[in-house]
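Residues per chain are reported as follows:
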Amino acid sequence: MPLPLLFALFLAFGLESAGPFNPLTQAELGSRATAALGLVALVSLASMGLGLWVSTRVARTGHASNALRRGYSRSARILEISILVSFSVIIHEWQWPRVVRTALGAGPVAVVEEALILLPFVLMQLVSWWGLYPAEKILRSGFGVTRTAGRGRYVLLRARQTLGLVLPVLVVFSLGQDLVSRQWPELSASAWALPIEVCLMGVLVLVLSPLFIRLAWPTRPLPHGPLRERLEHQAQRLGFRCSDILIWDTGQAVVNACVTGSLPRFRYVLLSDALIDCLNDHEIAAVFGHEIGHIAHRHLLFFGFFFLGSLGVLALMGEAIDPPLLALSNVLGGQSHPVLGMIIQAATVLLTAGLYFLVVFGHVSRRFERQADVFGCRAVSCGQVECPPHLDLDRQPGRESSGSGLCPVGIRIFANALTNVATLNGMEFKTRSWRHGSIARRIAFLEGLEGKPEAVNRFQSDVSRLRVVVAVGLISAVLIALATGSVDHLR
Ligand SMILES: [Zn+2]
Ligand SMILES: [Zn+2]
């Protein structure tokens, strides 16, 4: 799920102010729509400027320096944040939902209304992709990616990747809200309604993701050939089943892989087109092994359980922080500023729930990524503690034995794959990512395991212990919430 989009959904629908709806005048309607369009035009100009600047710099010097890449990825991130800030201004300062409601008149369909509310954000994203295209193209061309898509196709692909996920999520979200407000009106009035809905949506998205992804992303089966044979042999050797291995067409924009679906029948492994073009077969097999690792260690299932169990944690947190929060918003907002009080309350709730996910989910997620990394190394290892000579287990028909240990060459292959993926995606080695940690540390960790099977065992039991601790914590939170009636507090 694209993160900016998640924020945009929060901005658009998370802090909706209740209260009677009074339509705008025609003049107000016109001026607000023009102002919103003006912001879209500004974003478009800024991104075109950035795209042009990078492409002329590279054209003049003949290569893209690291400083330029860094500068570009930083500026692109600032642009992304400015889009969110602009969208927040459009929504809250100019009351965009009110503009939409006035324009639509009475009795609109909720989904249409929500789509129009989101429209300024979508437009700003489209024009920014359009503007950044020359920079994206020239920065990728340095890595042997020759077949880049044309500008229109590039924007379309990115839009399909993002919006193809938005539409189903939006429908689930709005249907869910309708259902909740009809069945449990008190819950939908509570500030905790949103975090709880996000939890439930997390579970739903996990369950439905194979369907969404096939709808949203253009994919085709990986054709028969040496690569497919290698991956299928590896899958069989490691006891992994899926319904297909797919090439994910991104117009060479994405170097990535993912696995989706907890059940083998609805499970796909997606390898992006650029990943297949830029990495060698051994490295692709290592990345494939990482994805198998997520399934072999049941990470997706654990995340589903995590989201459900977090309902209990959120209930207890609500119990703990609501009274002081109410007092605070009374002091700051008082009866005279009910809207301010509501914003403070909503912001604190979002912040607490966000912090919980950032810290706990982030930590578990990083451990799981490491576990998948170790599995990826194992998948391309020959199982001998010392090599070369390194045996290629997937080139020897009839060889079913799966080496259970890591070998030096296997670790090297995986580290190379990781390095290539990072470089191709313009990532920096030292920069930490919330879900993955930094590339440099991931590689250092794997290299530290070389020739030390006992260190691997220690790591595996550490992760198992973490799972048990988190599971016990979540289950007790749910039980305590049920026993003390904190759950009632959510209703
Ligand atoms: Zn992973
Ligand atoms: Zn080996």
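Look a little higher up for the structure.
Definitions and limits used
Residues numbered from 1 in each chain as written. Chains lettered and ligands numbered in written order. Predicted model: local features only at pLDDT ≥ 70, side-chain atom pairs only at ≥ 80, totals over all residues. Heavy atoms only, no water. Axes fitted to C-alpha atoms, helices over the stretch in contact; angles between N-to-C directions. Helix = DSSP H or I, 4+ residues; strand = E, 2+ residues; numbered from the N terminus. Parallel < 35°, antiparallel > 145°, perpendicular 65-115°, else oblique. Contact = heavy atoms within 4.5 Å. Nonpolar A, V, L, I, M, F, W, Y, C, P; charged D, E, K, R; others polar. Polar contact = N/O pair within 3.5 Å; in protein donor to acceptor, adjacent residues only side chain to side chain. Donors = N, O, S within 2.8 Å, 3.2 Å for Na, K, Ca; no water. Buried < 20%, exposed > 50% of the residue type's maximum accessible area, 1.4 Å probe, protein only. Core = buried A, V, L, I, M, F, W, Y, C linked by side-chain atoms within 4.5 Å. Tetrahedral: all angles 85-135°; square planar, octahedral: opposite > 155°, others 65-115°. Pairing = 2+ DSSP bridges. Left-handed = near helix turned anticlockwise from the far one by under 90°.

A. Spatial organisation of the packing of helix α14 (residues 408-424) against helix α15 (residues 439-448). Across the interface, α14 lies against α15 with an axial gap of 10 Å and an inter-helix angle of 180°. With respect to α15, the axis of α14 lies roughly antiparallel. Taking contact as the criterion, the partners of Ile411, Arg412, Phe414, Ala415, Leu418, Thr419 and Ala422 in α14 are, on α15, Ile439, Arg442, Ile443, Leu446 and Glu447. Counted by class, the contact of α14 with α15 contains 8 nonpolar, 1 polar and 3 charged residues.

B. The environment of histidine 390, seen in detail. Its location among the elements puts histidine 390 in the loop between α13 (338-379) and α14. Along the chain, histidine 390 and valine 409 lie 19 residues apart, while their C-alpha atoms are 6.8 Å from each other. Not counting residues within four places of it along the chain, the set of residues in contact with histidine 390 comprises Val380, Ser381, Cys382, Cys407, Val409, Gly410 and Ile413. Within polar-contact distance, the side chain of histidine 390 engages the backbone oxygen of valine 380 at 3.4 Å.

C. Highlighting the coordination of the zinc ion (ligand 1). Within the first shell, the zinc ion (ligand 1) binds the protein through His290 (NE2), His294 (NE2) and Glu369 (OE), at distances of 2.1 to 2.2 Å. Here the donor residues of the zinc ion (ligand 1) are spaced in sequence according to H-x3-H-x74-E. Here histidine 294, found in helix α11 (residues 281-296), pairs with glutamate 369, found in helix α13; they are 75 residues apart in sequence, far enough to count as distant. Grouping residues by exposure puts histidine 294 and glutamate 369 together as buried.

D. A look at the nonpolar core. Membership of the largest hydrophobic core comes to 67 residues, with the highest contact counts inside it found for Leu231 and Leu271. Residue contributions to this core peak at 10 residues, all from α13. With sequence-adjacent residues up to four places away left out, leucine 271 is seen in contact with Leu231, Ile245, Leu246, Ile247, Trp248, Asn256, Ala257, Ile276 and Ile284. Judged by nonpolar contacts, the second largest core, of 24 residues, contains Ala36, Leu84, Phe87 and Met124.

E. Region of the structure containing the coordination of the zinc ion (ligand 2). Coordination of the zinc ion (ligand 2) by the protein is provided by Cys382 (SG), Cys387 (SG), His390 (ND1) and Cys407 (SG), with metal-donor distances spanning 2.0 to 2.4 Å. Its 4 donor atoms give the zinc ion (ligand 2) angles of 97 to 121° at the centre, a pattern that matches the tetrahedral case. Sequence positions of the residues that donate to the zinc ion (ligand 2) give the spacing C-x4-C-x2-H-x16-C. Residue cysteine 387 is located in the loop between α13 and α14, and its partner cysteine 407 is located in the loop between α13 and α14; the two are separated by 20 residues in the primary sequence. The class of cysteine 387 is buried, set by a relative accessible area of 9%. Overall, the relative accessible area of 0% leaves cysteine 407 in the buried class.

F. Fine view of the side chain of aspartate 373. Inspection of the secondary structure puts aspartate 373 in helix α13. Of the residues examined, aspartate 373 reaches a relative accessible area of 1% and is grouped as buried. Reaching out from aspartate 373, the side chain makes a polar contact with the side chain of arginine 442 at a distance of 2.7 Å. Leaving out residues up to four positions away in the same chain, aspartate 373 has contacts with His290, Phe414, Arg442 and Leu446.

G. Broad picture of the sheet that holds strand β2 (residues 244-248). Strands sit in the order β1-β2-β4-β3 across an open sheet of 4 strands; the sheet is mixed. Where the open sheet ends on each side, the last strands, each with one partner, are β1 (219-221) and β3 (257-260). Sheet twist, expressed as the average angle between the axes of neighbouring strands with direction ignored, equals 30°. Bridging between β1 and β2 involves 3 bridges; their strand directions are antiparallel. For proline 221, the partnering residue across the bridge sits in β2 and is leucine 246. Across the sheet, helix α9 (residues 226-237) lies against β1, β2 and β4 (268-272), angled at about 135° from β2, the strand it touches most. Relative to β3, α11 is tilted by about 30°, and along the sheet it contacts β2, β3 and β4.

H. Layout of the packing of helix α2 (residues 26-61) against helix α4 (residues 96-104). Contact pair α2 / α4: the axes reach a minimum separation of 10 Å and the direction vectors enclose 125°. In this view, α2 runs oblique relative to α4, as classed from their interaxial angle. Crossing handedness for the pair α2 and α4: left-handed. The residues of α4 that touch α2, namely those facing Leu29, Arg32, Ala33 and Ala36, are Trp96, Val99, Thr102 and Ala103. Here the contact of α2 with α4 is composed, by residue class, of 6 nonpolar, 1 polar and 1 charged.

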